[in-house]
Amino acid sequence: LVPSTALAQEDGMLIIAHRGASGERPEHTLAAYELAIDQGADYIEPDLVATKDGVLVARHENEISGTTDVAERAEFADRRTTKVIDGQEVSGWFTEDFTLAELRTLRARERLPEIRPQNTAYDGLYQVPTLSEIIQLARAKESETGRAIGLYPEIKHPTYFAGIGHDLAAMLVEQLHAAGYEGESAPVYIQSFEVEPLRRLSAMTGIRLVQLIAAEGGPADDPSISYADMLTPEGMEKVARYAVGIGVAVPLLLDEQGEPTGVVARARAAGLTVDAWTLRPENPFLPQMLQMGEVPEATGCDDLLFAMLQRA
Ligand code: G3P
Ligand code: CA
């Protein structure tokens, strides 16, 4: 869902379409990104992983059995495997084991069909998009609409991918620079849950960087740091040395009583912007928001998020 654009933009907020208009089209398809832009999103958010031949493509994870038809494709049955990624054992089919040509024979499908049954009508229609296609779409929509269309790419598991020969950070920056995106004024933010790739990126590019912070755990590339550490004033000062902002899980912004946790205030004190992910009907904290009584039950998810961010 893309929030009430006029309301949010009046308040100085940016609207970032998480995985595209993923409530209305299968996520990370050109159709999902284009619909989000048409709905007024300022930025679209591709999660990026690599193919075997080193091409950046958009998938939420490099394991693709839930987001494509790969499991039903007999010719790829022997590609099923088990790997350890960021300390977790994962079984399935992985983008890094497919060339781009092979990957393009697959078709995207809705990842959460029980929650978003409406999107299954589009299963089988779309290919897995490349970053190159996403950039082309953004540029074409800029020409069509006369407004900047921002990119908010996330590099997924960058340390894991570096270990198998794919430097996602370098690949991304090279492509962005080649497409004319450079410096703080470019409508781009690069995000990662890991720390070292962002630090490295800060020396490679002037493009703005965002440190992602989850509700639990810590960055996969540095077990000595927890996300809770990053949310302290000292932690935020460290983040501010390489990033312009933090991207936090929504429940970190308000406590169980719906009161601000102080994260936004501390981020502002450290000079960091705050991006929040993600409010959708399936989020367990949505009923809490409704109980707070600040918005009527009939109000859309978009207005709930807006109210919540104002409160935080
Ligand atoms: O951009 C923040 C958010 O997208 C990170 O989580 O799992 O949706 O990629 P995820
Ligand atoms: Ca993401």
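Residues numbered from 1 in each chain as written. Chains lettered and ligands numbered in written order. Predicted model: local features only at pLDDT ≥ 70, side-chain atom pairs only at ≥ 80, totals over all residues.

With an unreviewed UniProt entry as reference, the protein is termed glycerophosphodiester phosphodiesterase, source organism Aurantiacibacter zhengii. According to the UniProt record, the Catalytic activity (unreviewed entry) comment for the protein reads "a sn-glycero-3-phosphodiester + H2O = an alcohol + sn-glycerol 3-phosphate + H(+)". In its Sequence similarities (unreviewed entry) section, UniProt records this for the protein: "Belongs to the glycerophosphoryl diester phosphodiesterase family." (UniProt positions renumbered as here; feature names shortened; annotations may be inferred.)

A.B. asks: Just checking my understanding: could you explain the overall build of the protein for this structure?
C.D. replies: Scanning the protein for helices and strands turns up twelve helices and twelve strands. For the protein, the proportion of its 312 residues judged to be buried stands at 41%. For the protein, long-range pairs separated by at least 24 residues make up 65% of all intrachain contacts whose partners lie at least 6 apart in sequence. (Helix = DSSP H or I, 4+ residues; strand = E, 2+ residues; numbered from the N terminus. Buried ≥ 20, exposed ≤ 12 C-beta atoms within 10 Å, placed from the backbone. Contact = placed C-beta atoms within 7 Å.)

A.B. asks: In this structure, what is going on with the site of ligand 1? I would like to understand it.
C.D. replies: Near ligand 1, the surroundings consist of His-18, Glu-45, Asp-47, His-60, Glu-154, Gln-191, Leu-212, Gly-247 and Trp-277. Its residues assigned to classes, the shell around ligand 1 shows two nonpolar, four polar and three charged. Mapped onto the domain boundaries, the shell around ligand 1 takes at least three residues apiece from domain 1 (1-156) and domain 2 (159-278). (Near = placed C-beta within 6 Å. Nonpolar A, V, L, I, M, F, W, Y, C, P; charged D, E, K, R; others polar. Domains from an automatic or database assignment.)

A.B. asks: Looking at this model, I keep getting lost on the packing of helix H2 (residues 30-38) against helix H4 (residues 131-145). Mind explaining?
C.D. replies: The relative placement of two packed helices comes down to the angle between their axes together with the axis-to-axis distance. Two numbers describe how H2 lies on H4: the axes approach to 11 Å, and their chain directions differ by 25°. In terms of their interaxial angle, H2 and H4 are classed as roughly parallel. Viewed along their axes, H2 and H4 form a crossing whose handedness is right-handed. Where H2 abuts H4, its residues Leu-30, Tyr-33, Glu-34 and Ile-37 lie against Glu-133, Ile-134, Leu-137 and Lys-141. (Axes fitted to C-alpha atoms, helices over the stretch in contact; angles between N-to-C directions. Parallel < 35°, antiparallel > 145°, perpendicular 65-115°, else oblique. Left-handed = near helix turned anticlockwise from the far one by under 90°.)

A.B. asks: Could you clarify how one ought to interpret the nonpolar core in this entry?
C.D. replies: Soluble globular proteins tend to bury their nonpolar side chains together. In terms of nonpolar packing, the biggest core is built from 76 residues, with Ala-36 and Ile-44 touching the most fellow members. Sorting elements by how many residues they give to this core places H2 first, with six residues. Both domains that meet at this core, namely domain 1 (1-156) and domain 2 (159-278), each give it at least three residues. Beyond its immediate chain neighbours, meaning those up to four positions away, Ile-44 contacts Ala-17, Gly-20, Tyr-33, Ala-36, Ile-37, Leu-151 and Tyr-152. (Core = buried A, V, L, I, M, F, W, Y, C linked by C-beta atoms within 7 Å.)

A.B. asks: So what exactly am I meant to see when it comes to the domain arrangement of the protein here?
C.D. replies: Quite often, the size of an interface is put as the accessible area lost when its parts meet. Taken domain by domain, the protein comprises domain 1 (1-156) and domain 2 (159-278). The straight-line distance from the C-alpha centre of domain 1 to that of domain 2 is 20 Å. The partner domain 2 presents 21 residues to the 20 residues of domain 1 that form the contact. Elements represented by at least two residues in the side of domain 1 that touches domain 2 include exactly strand E1 (16-18), strand E3 (47-50), H4, strand E7 (150-151) and strand E8 (154-155). Take the side of domain 1 that touches domain 2: its biggest share by element is three residues, from H4. Among the residues making up the side of domain 1 that touches domain 2, the classes are represented as 13 nonpolar, four polar and three charged.

A.B. asks: Honestly, the pairing of strand E6 (residues 88-92) in this entry has me stumped. Any pointers?
C.D. replies: In terms of burial, E6 is largely open, as just zero of its five residues are buried. Count of turn residues in the strand E5 (residues 81-85)/E6 antiparallel hairpin: two residues, of which Asp-86 carries a positive phi of about 50°. (Pairing = 2+ DSSP bridges.)

A.B. asks: Honestly, H4 in this entry has me stumped. Any pointers?
C.D. replies: Each α-helix winds once per 3.6 residues, and so residues spaced three or four apart point in a common direction. Its 15 residues place the ends of H4 21 Å apart at the C-alpha level, agreeing with the 21 Å of an ideal helix rising 1.5 Å per residue. Looking at the buried positions of H4, the neighbouring elements they touch are H2, E3, strand E4 (56-58), E7 and helix H6 (168-178). Within two residues after H4, Gly-146 carries a phi angle of roughly 75°, on the positive side. (Expected span 1.5 Å × (residues − 1).)

A.B. asks: Hey, could you run me through the sheet that holds E1 in this one?
C.D. replies: Backbone hydrogen bonds hold the strands of a sheet together, and the pairing may be parallel or antiparallel. On the basis of which strands lie adjacent, the open sheet formed by three strands has the order E1-E2-E7 and parallel pairing. Every interior strand has two partners, whereas the edge strands, E1 and E7, have only one. Looking at chain direction, strand E2 (residues 43-45) and E7 are connected through two bridges and run parallel. Counted as the bridge partner of Ile-44 is Leu-151 from E7.

A.B. asks: Honestly, unusual backbone geometry in this entry has me stumped. Any pointers?
C.D. replies: Outside of glycine, negative phi angles account for most residues, and trans bonds account for most peptide bonds. Here the phi dihedral of His-28 falls at roughly 55°; this positive angle occurs in a residue that is not glycine. The backbone phi angle of His-157 is positive, close to 50°, even though this residue is not glycine. As for its placement among the helices and strands, His-157 is situated in the loop between E8 and helix H5 (158-163).

A.B. asks: Looking at this structure, how should I read the confidence of the model for the protein?
C.D. replies: Looking at the protein, pLDDT values average 90 and 88% of them are 70 or higher. Low confidence marks residues 294-299, where pLDDT is under 50. Its contacts with residues over four positions away, or in another chain, come to six contacts. (pLDDT = per-residue confidence, 0-100.)

A.B. asks: Sorry, what's going on with the environment of Ala-228 here?
C.D. replies: On the secondary structure map, Ala-228 appears in helix H8 (residues 227-230). Spatially, the C-alpha atoms of Ala-228 and Ala-214 are 8.8 Å apart, while their sequence positions differ by 14 residues.

A.B. asks: How should H2 be read in this particular structure?
C.D. replies: Looking at H2, one finds that the buried residues are Leu-30, Ala-32, Tyr-33, Leu-35, Ala-36 and Ile-37. Close packing links the buried residues of H2 with E1, E2 and H4.

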